[in-house]
Amino acid sequence: MSTPAGVPVDPSSTDRAQAVVALGGGHGLHASLSALRRLVDDLTVDELTAVVTVADNGGSSGRLRGEFGVLPPGDLRMALAALCGEDEWGDTWARVLQHRFAGNGEMRGHVVGNLLIVGLWELLGDSVDALDWVGRLLEAKGRVLPMALTPMDITAEVRGLRPGDPDALTTVRGQVEVATTDGVIDSIRLDPADPLACPEAVAAVEAADWVLLGPGSWFTSVIPHLMVPALREALVRTRARVVVNLNLAEQAGETGGFGPADHLAVLAEHAPELVVHTVLADRAGVGDGLEELEHVVAAHGAKLVVDDVAVGDGTPRHDPAKLAAAYERIFAAG
């Protein structure tokens, strides 16, 4: 079992189940949690916590955030759905949670799970307590927490948006806008710059054996965790071993033209004090960039694990079973 919050763990103890914290958002975190849920079932992981980015300003989440002044629930909902079991109960509730209304009225585009979460927030008045209640309803295989308790926006400094001056920086505001920019992202920041971190998320990071960053939208789902001061401090001082799971391919808008080494380099630029233990990359996704990636990983004092973690159809999606096996090997190797 993991040690209590705030007590240093001994990450060399790999002869027992591990406490794991996965940070991210959207489809990337969903993929990672879908894999980790399997390790909970086989008792490799005994405590699983998802810490989720809460800066979305689009779609159903953005509408609910604007109307009710709450955290955007969408990425939290996806994380909860990923932690549902594979039995009839879990499968049914995962589909209910992810169901998006059709039609032509005001409800069009809203997601059942988003409404459920916001309803519990209003009823209970506590963001974390409400998410725990949803988790119990779903019989989720882990806990889902927001990275911060206050809504925020992501802003980015972007190059290439001014005709005739490709090096000029332009400020782009909003997660959707940053994720779909036509320019090249130079850096990001949060507004407000010091949002109130979720105390339970900070405690989970401090008590973890392993912390996973990525995969996911690099600038709008992964790096934002390192922009929340209290969470960043926890990630820097934790004795947990930090694993960076690289994306399978570049992402139009956010990381166009990026290779695997570029993802790691950008992460280091935003959080140079973060100590990374292991970098996980897909064998096919690395391609000709393996030598460069090896050099960058070695420069950061980390260990590179190249494994087969993608689905076999050529699309840039992680296979939950393969990813679970890769995580299990990393945890066992210590």
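Bear in mind that the values here come from a model prediction, so they are computed numbers and not experimental data.

Draft legend 1. Structural detail: the overall build of the protein. Looking only at helices and strands, one finds 14 helices and 10 strands in the protein. Computed over the C-alpha atoms, the radius of gyration of the protein is 19 Å, within 12% of the 20 Å expected from 2.2 N^0.38 for a compact globule of 334 residues. On the principal axes, the C-alpha backbone points of the protein span a range of 60 × 50 × 40 Å. For the protein, the proportion of its 334 residues judged to be buried stands at 54%. Across the protein, the fraction of contacts at a sequence separation of at least 24, relative to all contacts at a separation of at least 6, is 73%. Treating the 25 positive side-chain charges of the protein as one cloud and the 47 negative ones as another, the clouds have centres 2 Å apart.

Draft legend 2. Summary view of the sheet that holds strand β8 (residues 241–245). Strand order across the open sheet formed by seven strands is β3-β2-β1-β7-β8-β9-β10, with parallel pairing between neighbours. Taken across any chain shown, the strands that pair with only one partner, and hence form the sheet edges, are β3 (143–146) and β10 (303–307). Looking at each pair of strands side by side, their axes are set apart by 20° on average, direction ignored. Strand direction decides the pairing type here: strand β7 (residues 210–213) and β8, joined by four bridges, are parallel. Bridging from a neighbouring strand, Val211 pairs with Val242 of β8.

Draft legend 3. Up close: the sheet that holds strand β5 (residues 169–173). Pairing is antiparallel across the open sheet formed by three strands, whose spatial order is β5-β4-β6. Where the open sheet ends on each side, the last strands, each with one partner, are β5 and β6 (184–191). On average, each strand axis in the sheet is inclined to that of its neighbour by 25°, with strand direction left out of account. With seven bridges connecting them, strand β4 (residues 153–159) and β6 associate as antiparallel partners. Each residue of the ladder has a partner; that of Ala156, found in β6, is Ile188.

Draft legend 4. The nonpolar core, seen in detail. Ranked by size, the top nonpolar core spans 102 residues in total, and within it Leu33, Leu36 and Phe331 carry the most contacts. Apart from residues lying up to four places away in sequence, Leu33 is in contact with Ala22, Leu48, Ala50, Ala79, Ala82 and Leu83.

Draft legend 5. Quick peek at the pairing of strand β9 (residues 278–282). Counting buried positions along β9 gives five out of five residues, so the element sits mostly inside the fold. Residue alternation in β9 divides its side chains into two sets, Thr278, Leu280 and Asp282 and Val279 and Ala281, and both sets are buried. Relative to β9, β8 runs parallel, the two being bridged by three bridges. Bridge pairing links Val244 to Val279 in β9. With five bridges joining them, β9 and β10 adopt parallel strand pairing. Within β10, the residue paired with Asp282 across the bridge is Asp307.

Draft legend 6. Quick peek at the pairing of strand β2 (residues 45–52). Of all eight residues that make up β2, six are buried, and the element is covered over most of its length. As paired strands, strand β1 (residues 18–24) and β2 are joined by seven bridges and run parallel to one another. Opposite Ala19, over in β2, you have Glu47 as the bridge partner. In this fold, β1 hands off to helix α1 (residues 26–41), which returns the chain to β2; that crossover is right-handed. Where β2 and β3 come together, four bridges link them in parallel fashion. Bridge pairing links Val52 to Pro146 in β3.

Draft legend 7. Examining the confidence of the model for the protein more closely. Residues at a pLDDT of 70 or more form 95% of the protein, whose mean pLDDT is 91. In the model, residues 1–14 has pLDDT below 50 throughout and makes 31 contacts with residues more than four positions away in sequence or in other chains.

Draft legend 8. Representation of the pattern of salt bridges within the structure. Inspection of the entire model under this criterion finds 16 salt bridges. One salt bridge in this structure joins Glu206 and Arg237, with 2.1 Å as the shortest N-O distance. Here the residue Glu206 occupies a position in helix α8 (residues 199–207), and Arg237 occupies one in helix α10 (residues 229–237), the gap between them amounting to 31 residues. The exposure class of Glu206 is buried, given its relative accessible area of 18%.

Draft legend 9. Seen up close, the side chain of His263. Assignment of secondary structure puts His263 in helix α11 (residues 260–270). For His263, a relative accessible area of 2% translates into the label buried. Non-local contacts of His263, meaning those with residues more than four positions away in its chain, are made with Trp218, Leu246, Asn247, Ala249, Thr255 and Phe258.

Draft legend 10. Inspection of unusual backbone geometry at higher detail. That bond from Asp191 to Pro192 is cis: its omega, 5°, falls within 30 degrees of zero. Cis geometry is adopted by the peptide bond preceding Pro215, which originates at Gly214 and carries an omega value of 0°. Looking at the secondary structure, you find Pro215 in the loop between β7 and α9 (218–222). Here the phi dihedral of Glu139 falls at roughly 55°; this positive angle occurs in a residue that is not glycine. Following the sequence through the fold, Glu139 ends up in the loop between α6 (127–138) and β3. According to the relative accessible area criterion, Glu139 is partly exposed, its value standing at 47%.

Definitions and limits used
Residues numbered from 1 in each chain as written. Predicted model: local features only at pLDDT ≥ 70, side-chain atom pairs only at ≥ 80, totals over all residues. Heavy atoms only, no water. Helix = DSSP H or I, 4+ residues; strand = E, 2+ residues; numbered from the N terminus. Rg over C-alpha atoms; globule rule 2.2 N^0.38 Å. Buried < 20%, exposed > 50% of the residue type's maximum accessible area, 1.4 Å probe, protein only. Contact = heavy atoms within 4.5 Å. Lys, Arg positive; Asp, Glu negative; His and termini not counted. Charge placed at Lys NZ, Arg CZ, Asp CG, Glu CD. Pairing = 2+ DSSP bridges. Axes fitted to C-alpha atoms, helices over the stretch in contact; angles between N-to-C directions. Core = buried A, V, L, I, M, F, W, Y, C linked by side-chain atoms within 4.5 Å. Right-handed = clockwise from strand over helix to strand, strands pointing away. pLDDT = per-residue confidence, 0-100. Salt bridge = Lys/Arg side-chain N within 4 Å of Asp/Glu carboxyl O.

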